[in-house]
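Residues per chain, in single letters:
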Amino acid sequence: MRRVRKTKRRPKAGSAWTAHDVAILTELYPRCNNRDLAMRLGRSEWAVVGKARGLGLTKDCRRNCRRRAGRGRTWSSQEVSLLRTLYPTTPNEDIAERIDRTRNAVHMKARQLGLRKMEFWSEQEDQYLRDAYHACRCDELARRLGRTLPAVKARAITLKLDSKVPNWTEEEIRFLRESYGTTDVGMIAGELGRTRAAVAKKAREMGLVCFRHWSGRDVRKLRELYPRCTIGELAEEFGRSCDSIRGKAAQLKLSKRSSSSQPTETVPPRDAARSAGACYDRPLASCCI
């Protein structure tokens, strides 16, 4: 993509200078900006500066004074962040236009920050990725190729390599449909030889997951009972799965250790709820430890 965009901006890059181009450069170089000249001539700024140096051309002194006066502007944190984001995949000319700086300033600042352009994939790298994709993990391939993990995954999609995860068979889908909701997700994952995340994702795709919003009353109730009840008892009390209880507890940063500092006093859950001012519609299961 970067090469295509450069070619569109510099159609004469690499071609010999004609007499007409030299005449335009000789006339406009002393009083025009190098970037404007480069765009007009269809070449890079480096080519314009190099040709002007070969012809012995110089800039107007007054314009040079103005340029020197504008130098030394410090880079803001927003400009540095934008440079880090755009530099690997965006031409320096476009970055200079967006940040309102010269191409040389962009190049020097990127060099100071140690930024590098994203290198194109060679035929050897593509062949190595094809050969080792199914035998090695993506993070290991990224380390061997010296690229990022998203770059390896994106290149695998571009090369149309088969997914590392086998497709779901009809038997697996039937087993998941019959077992989900009545069997723990971990047990289903172990039976199918897949991860918990894969089983949960497939269940969502099949519409087996019924998302229930946690009300404020349920959240307060969970905060109160979590240190004293097991996950299974809480799942039975709330009518939810064990994974749902664990996930919500992790989101709320609940811990069962908080009960260790409390005095070991046996208080019925309903009495504790009444003392907290809560009111529940259904009877609470006995889950006091």
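Residues numbered from 1 in each chain as written. Predicted model: local features only at pLDDT ≥ 70, side-chain atom pairs only at ≥ 80, totals over all residues. Heavy atoms only, no water.

(A) Quick peek at the environment of Tyr-133. Following the sequence through the fold, Tyr-133 ends up in the loop between α9 (123–132) and α10 (138–145). It is 8.1 Å that separates the C-alpha atoms of Tyr-133 and Leu-161, two residues lying 28 residues apart in sequence. (Helix = DSSP H or I, 4+ residues; strand = E, 2+ residues; numbered from the N terminus.)

(B) View of the packing of aromatic side chains. Per the counting criterion, the structure on display carries 1 aromatic pair. On the numbers, 5.6 Å between centres and 45° between planes, the contact of Trp-214 with Phe-238 is tilted. Of the two residues, Trp-214 sits in the loop between α14 (196–205) and α15 (216–225) while Phe-238 sits in helix α16 (residues 231–238), which places them 24 residues apart along the sequence. Phe-238 gets classed as buried once you look at its relative accessible area, which sits at 2%. Looking at Arg-101, its charged tip hangs above the ring of Trp-75, at a distance of 4.2 Å from the centre. (Phe/Tyr/Trp six-rings, centres within 6.5 Å; stacked < 30°, edge-to-face > 60°. Buried < 20%, exposed > 50% of the residue type's maximum accessible area, 1.4 Å probe, protein only. Lys NZ or Arg CZ within 6 Å of the ring centre and 35° of its normal.)

(C) Focus on the side chain of Glu-172. Its location among the elements puts Glu-172 in helix α12 (residues 170–179). In this structure the side chain of Glu-172 is engaged in a polar contact, spanning 3.1 Å, whose partner is the side chain of Arg-194. If we skip the residues at most four places from it in the chain, Glu-172 touches Asn-167, Leu-192 and Arg-194. (Polar contact = N/O pair within 3.5 Å; in protein donor to acceptor, adjacent residues only side chain to side chain. Contact = heavy atoms within 4.5 Å.)

(D) Focus on the nonpolar core. Among the nonpolar cores identified, the biggest contains 14 residues, and Trp-214, Leu-222, Tyr-226, Leu-234, Phe-238, Ile-245 and Leu-254 are the most heavily contacted of them. Mapped by element, the contributors of at least two residues to this core are α15, α16 and α17 (242–251). Excluding anything up to four places from it in sequence, Leu-222 contacts Trp-214, Leu-234, Phe-238, Ile-245, Lys-248, Ala-249, Leu-252 and Leu-254. Formed by 12 residues, the second largest nonpolar core is a distinct cluster that contains Cys-138, Leu-141, Ala-142 and Val-152. (Core = buried A, V, L, I, M, F, W, Y, C linked by side-chain atoms within 4.5 Å.)

(E) Quick look at the packing of α12 against helix α13 (residues 185–192). It is at 11 Å that the axes of α12 and α13 come closest, and there the two elements cross at 160°. Relative to α13, the element α12 lies roughly antiparallel. α12 and α13 meet at a crossing whose hand is right-handed. Along the contact surface, α12 presents Glu-172, Phe-175, Leu-176 and Ser-179, while α13 presents Ile-188, Glu-191 and Leu-192. Across the contact of α12 with α13, the residue classes break down as 4 nonpolar, 1 polar and 2 charged. (Axes fitted to C-alpha atoms, helices over the stretch in contact; angles between N-to-C directions. Parallel < 35°, antiparallel > 145°, perpendicular 65-115°, else oblique. Left-handed = near helix turned anticlockwise from the far one by under 90°. Nonpolar A, V, L, I, M, F, W, Y, C, P; charged D, E, K, R; others polar.)

(F) A look at the environment of Ala-249. Here Ala-249 is to be found in helix α17. For the pair Ala-249 and Val-219, spaced 30 residues apart in the sequence, the C-alpha separation amounts to 9.3 Å. Residues contacting Ala-249, with those up to four places away along its chain left out, are Leu-222, Tyr-226 and Leu-254.

(G) Molecular detail of helix α2 (residues 19–28). Every buried residue of α2 is listed here: Asp-21, Ile-24, Leu-25 and Leu-28. Angularly, the buried residues of α2 cover 95° about the axis, an arc narrow enough to put them on a single face. Away from its buried face by more than 90 degrees, α2 exposes Ala-19 and Glu-27. Turning to α2, the residues buried within the fold contact α3 (34–41) and α4 (45–55). (Arc of directions from axis to C-beta.)

(H) Fine view of the pattern of salt bridges. One pass over the full model with this rule turns up 13 salt bridges. For the salt bridge of Glu-140 with Arg-144, the shortest nitrogen-to-oxygen distance reads 3.1 Å. Of the two residues, Glu-140 and Arg-144 both sit in helix α10, 4 residues apart, roughly one turn of that helix. Residue classification places Arg-144 among the partly exposed residues on the basis of a relative accessible area of 45%. (Salt bridge = Lys/Arg side-chain N within 4 Å of Asp/Glu carboxyl O.)

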